Amino acid sequence: AEPPMRIRTWDPDFISAVDAWWGALLPRIVPHLYENGGPVVMVQVENEFGSFGDAARDPGDAKYLDYLRATLRAALGDGVVLYTTDFGNGRSMAR
């Protein structure tokens, strides 16, 4: 049996699901970007990833976050602010 899909890290099956969802979602956001006259100025890349993953120590997690950022930049351009939200403690921020 195949191992289960790992989410929120670099797993080809999960990345394929992200690509399918973002491929449908991101083109719908483009007309609403501030630079196109819309209200969207920021897009959240991940949510509380420091509580879940560890991009500082896990190359798969780092690759995943880099991929998300690059995918958002390719789809939305450089005009939108990309951000993530984490707890304000040192442990989460380091991850």
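In this report, the structure presented in the accompanying data block is examined. (Residues numbered from 1 in each chain as written. Predicted model: local features only at pLDDT ≥ 70, side-chain atom pairs only at ≥ 80, totals over all residues. Heavy atoms only, no water.)

Assigned secondary structure in the chain consists of three helices and two strands. Taken from N to C terminus, the helices and strands of the chain fall in the order α-β-α-β-α. Based on the C-alpha atoms only, the size of the chain along its principal axes is roughly 45 × 40 × 15 Å. Taking all 95 residues of the chain together, 29% fall into the buried category. Across the chain, the fraction of contacts at a sequence separation of at least 24, relative to all contacts at a separation of at least 6, is 67%. A total of about 6,100 Å² of accessible surface is found on the chain, and carbon and sulfur atoms cover 58% of it. Charged side chains of the chain number 9 positive and 13 negative; the gap between the two group centres comes to 3 Å. (Helix = DSSP H or I, 4+ residues; strand = E, 2+ residues; numbered from the N terminus. Buried < 20%, exposed > 50% of the residue type's maximum accessible area, 1.4 Å probe, protein only. Contact = heavy atoms within 4.5 Å. Areas by Shrake-Rupley, 256 points an atom, 1.4 Å probe, with all protein chains shown as cover. Lys, Arg positive; Asp, Glu negative; His and termini not counted. Charge placed at Lys NZ, Arg CZ, Asp CG, Glu CD.)

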